[in-house]
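Listed below, chain by chain, are the residues.
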Amino acid sequence: VWDKQIIFGIGVKLMRKTCLDMVYELAKADDRIVFIGSDLGAGTLSEMQKNMPERFFMEGVSEANIIGMAAGLAMDGFIPYVNTISTFITRRCYEQIAIDLCLHNLPVKLIANGGGLVYAPLGPTHLAIEDIAIMRSLPNMNIVSPSDAEEMKRFMNQSKEIKGPVYIRLAKGGDEIVSDPKNGFKFGESILIKDVGEVLIVSSGITTKEAIYASEELSKEGIKAGVLHMHTIKPFDYKSIIKYSQKVKLIVSVEEHIKNNGLGSAIGDVLNDNCYHKMPKLIKLGIPDQFPDKYGTQEDLLKYYSLDSKSIYESVLGFIKSKGLKAA
């Protein structure tokens, strides 16, 4: 079992602040980079606003407009980073993202605050439970969901080089550091955090932390459960899924998202198209096909939807016992 003091030894950092600070750092080195915010707090990137006023724009509640604005800037040679709440940057301006950004394959980076259940106190209007599904369906769109602030920094260092639009899904901030700098970050390639046994848990974003904890507890039961972190959801690392599917009896997808058309569905597509001759059981853990009906904290809702480490552990253990499978 991993020593949690080692895993989380770096402590906690704010993912959103790290991401936005990196926009400023990138802008210092590249005159093409601009920031566009939508009705954000007065202190957001204040240093960039002060030192680069010609490349800092804070618009009002006009998400569809800022997507068009970003598209125009991108067509003129700039690399815009656009930031607002996840539900606003996806639901309110979906057509503009599709037509203005994706159709023209423009290098606009969409920084989405509060992907998943982050805004649990505000209810269903602010919970981005289908954002991956609708972004994943768009041609030319790329999707990343880092596990913590340190991994976000590694991604941001290479973000401007990615061709086409990118949807960047942010957690709430203050999340424990579970990524290892030795693993690096290669866009489009997953990271195997724990070696596979009879089980493989596939996760993204902050659910990777929960998957690691669950894997540790399963090891106490003699069950070796690997953890595959999918920081990039599109383009999808189908090669790793094919590779590990031939070694395990069970794949468990864990996502802070509805079960439809998200991470689990992407895994299922790969298995169906490539591994039908030897396909492991797939269990999809996620939010059911309904708007959330509970309020509370993000942690409260993770438990409610059985996405916390204890629930993941119980799901795997229950399947192993029900099928009479032997532990490693």
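Residues numbered from 1 in each chain as written. Predicted model: local features only at pLDDT ≥ 70, side-chain atom pairs only at ≥ 80, totals over all residues. Heavy atoms only, no water.

A. Representation of the overall build of the protein. The helix and strand tally for the protein stands at 13 helices and 14 strands. Relative to the globule expectation of 20 Å for 328 residues, the C-alpha radius of gyration of the protein, 20 Å, shows essentially globular dimensions. With the C-alpha coordinates aligned to their principal axes, the bounding extent of the protein is approximately 65 × 40 × 40 Å. Counting only residues that meet the buried cut, the protein has 57% of its 328 residues in that class. (Helix = DSSP H or I, 4+ residues; strand = E, 2+ residues; numbered from the N terminus. Rg over C-alpha atoms; globule rule 2.2 N^0.38 Å. Buried < 20%, exposed > 50% of the residue type's maximum accessible area, 1.4 Å probe, protein only.)

B. Region of the structure containing the packing of aromatic side chains. Throughout the structure, instances matching the rule amount to three aromatic pairs. Each ring, one from F155 and one from F185, has its centre 5.6 Å from the other, and the planes form 55°; the classification is tilted. Of this pair, F155 sits in helix α8 (residues 149-159) while F185 sits in the loop between β8 (175-176) and β9 (191-194); the two residues are 30 residues apart in sequence, bridging distant segments of the chain. Both residues of the pair, F155 and F185, belong to the buried class. Measuring from centroid to centroid gives 4.9 Å for Y304 and Y305, while their planes differ by 70°, and the two rings are edge-to-face. For Y304, a relative accessible area of 39% gives the class partly exposed. Sitting over the face of the ring of Y24, K28 holds its NZ or CZ atom 4.4 Å from the ring centroid. One Lys or Arg, R92, reaches over the ring of F88 and ends 4.0 Å from the middle of that ring. (Phe/Tyr/Trp six-rings, centres within 6.5 Å; stacked < 30°, edge-to-face > 60°. Lys NZ or Arg CZ within 6 Å of the ring centre and 35° of its normal.)

C. Molecular detail of the sheet that holds strand β4 (residues 79-85). In space, the seven strands of this open sheet follow the order β3-β2-β4-β5-β7-β6-β12, with mixed pairing throughout. Each having just a single partner strand, β3 (56-59) and β12 (232-234) make up the two edges of the open sheet. Across the sheet, the axes of successive neighbouring strands diverge by a mean angle of 20°, strand direction being ignored. With five bridges joining them, β4 and strand β5 (residues 109-113) adopt parallel strand pairing. Bridge pairing in β5 links I85 to N113. Those strands touched by helix α2 (residues 15-29) are β2 (33-38), β4, β5 and β7 (166-169), and its axis lies near 145° from that of β2. Those strands touched by helix α4 (residues 63-75) are β2, β3, β4 and β5, and its axis lies near 170° from that of β2. (Pairing = 2+ DSSP bridges. Axes fitted to C-alpha atoms, helices over the stretch in contact; angles between N-to-C directions. Contact = heavy atoms within 4.5 Å.)

D. The arrangement of the pairing of strand β11 (residues 225-229) in detail. Most of β11 sits out of view: five of its five residues are buried. Side chains A225, V227 and H229 of β11 all project onto a buried face; the interleaved residues G226 and L228 project onto the opposite face, where all are buried too. The pairing of strand β10 (residues 199-203) with β11 spans five bridges and is parallel. Counted as the bridge partner of V199 is A225 from β11.

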